[in-house]
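Working through the structure, step by step
So the chains spell out like this:
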Amino acid sequence: TPIFEYEHTAVFEDRYPCVDGHLLFIAKENTAEYVGRSYSLAFQWGQDRIKEGKMDGFNVGQNIGKCAGQTIFWPHIHFIPRNKDDYEGDGHNGIRLSIPSGDHTNYY
């Protein structure tokens, strides 16, 4: 059951959340228009929560293809709330770290 629903998107809590508030914005059709509207909704959701002081930032993104970690083969956008100091270390903790063997030192 979605926690809320719009014309182009249904929003669910992730079954295996990496943090509290991890949501899935699921496009109702597998089209660029529906996926784009779902991204827009996820972005606005995050911006509103930042303004409300409920989080400091957020990650939004998709895993597209098995090699990228996709396990459910329908377009869905992960929304992951972020807060200051929610990771260890002195570096950044962004999307670049999705490739564990990547070069994470030359660009930060």
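The structure presented is a predicted model; accordingly, all values stated were derived computationally and were not measured.

1. Focus on the packing of aromatic side chains
If you walk through the whole model with that rule in mind, you get six aromatic pairs. Here the aromatic residues Phe4, Tyr6, Phe25, Phe43, Trp45, Phe58 and Phe79 are joined through ring pairs into a cluster of three or more. Positioned above the aromatic ring of Trp45, the side-chain terminus of Arg49 is 3.6 Å from the ring centre.

2. Regarding the sheet that holds strand β1 (residues 4-5)
Read across the sheet, five strands follow the order β1-β2-β3-β5-β4 without closing on themselves; strand pairing throughout is antiparallel. The open sheet has two free edges, formed respectively by β1 and β4 (57-61), since each of these has just one partner strand. Judged from the two bridges that link them, β1 and strand β2 (residues 9-13) form a sheet pairing that is antiparallel. Looking at the pairing, Glu5 lines up with Ala10 of β2.

3. Observations concerning the nonpolar core
The tendency in soluble globular proteins is for nonpolar side chains to be buried side by side. Core analysis: the largest hydrophobic core is formed by 13 residues, its most contacted members being Phe4, Val11, Leu23, Phe25, Leu41, Ile77 and Phe79. Elements with a contribution of two residues or more to this core: β3 (23-27), α1 (32-51) and β5 (76-82). Among the elements that make up this core, the one with the highest residue count is α1 (four residues). Those residues within four positions of Leu41 in sequence are excluded, and the remaining contacts are Phe4, Tyr6, Thr9, Val11 and Phe25.

4. Details of the pairing of β3
The side chains of a regular strand alternate, first on one face of the sheet and then on the other. Counting buried residues in β3 gives four out of five residues, a clear majority hidden from the surface. Bridging between β2 and β3 involves five bridges; their strand directions are antiparallel. For Val11, the partnering residue across the bridge sits in β3 and is Phe25. Relative to β5, β3 is paired through four bridges, and the arrangement is antiparallel. Directly across from Leu23, in β5, lies its bridge partner Phe79.

Rules used in this analysis
- Throughout, residues of each chain are indexed from 1 in the direction in which the sequence is written.
- At least 70 in pLDDT is required for a residue's local features to be given in this predicted model, at least 80 for side-chain atom pairs to be given and counted, and no such filter applies to totals for whole chains, interfaces and linings, which use all residues.
- Only hydrogens and water are removed before side-chain values are computed, so all heavy atoms of the structure are retained for them.
- Here is the rule: rings of Phe, Tyr and Trp (six-membered ring for Trp) pair when centre to centre is within 6.5 Å. Planes less than 30 degrees apart are stacked, more than 60 are edge-to-face, and the remainder are tilted.
- Geometrically, a lysine NZ or arginine CZ counts as sitting over a ring once it is within 6 Å of the ring centre and also within 35 degrees of the ring normal.
- Only when DSSP finds a minimum of two bridges between them are two strands counted as paired.
- Put simply, DSSP H or I for four residues or longer makes a helix, DSSP E for two residues or longer makes a strand, and each gets a number counted from the N terminus.
- In plain words, nonpolar cores are sets of buried Ala, Val, Leu, Ile, Met, Phe, Trp, Tyr and Cys residues tied together by side-chain atoms within 4.5 Å.
- When accessible area is computed with a 1.4 Å probe and restricted to protein chains, residues below 20% of their type maximum are described as buried, those above 50% as exposed, and intermediate ones as partly exposed.
- Whether two residues touch is decided by their heavy atoms; if any such pair falls within 4.5 Å, the residues are in contact.

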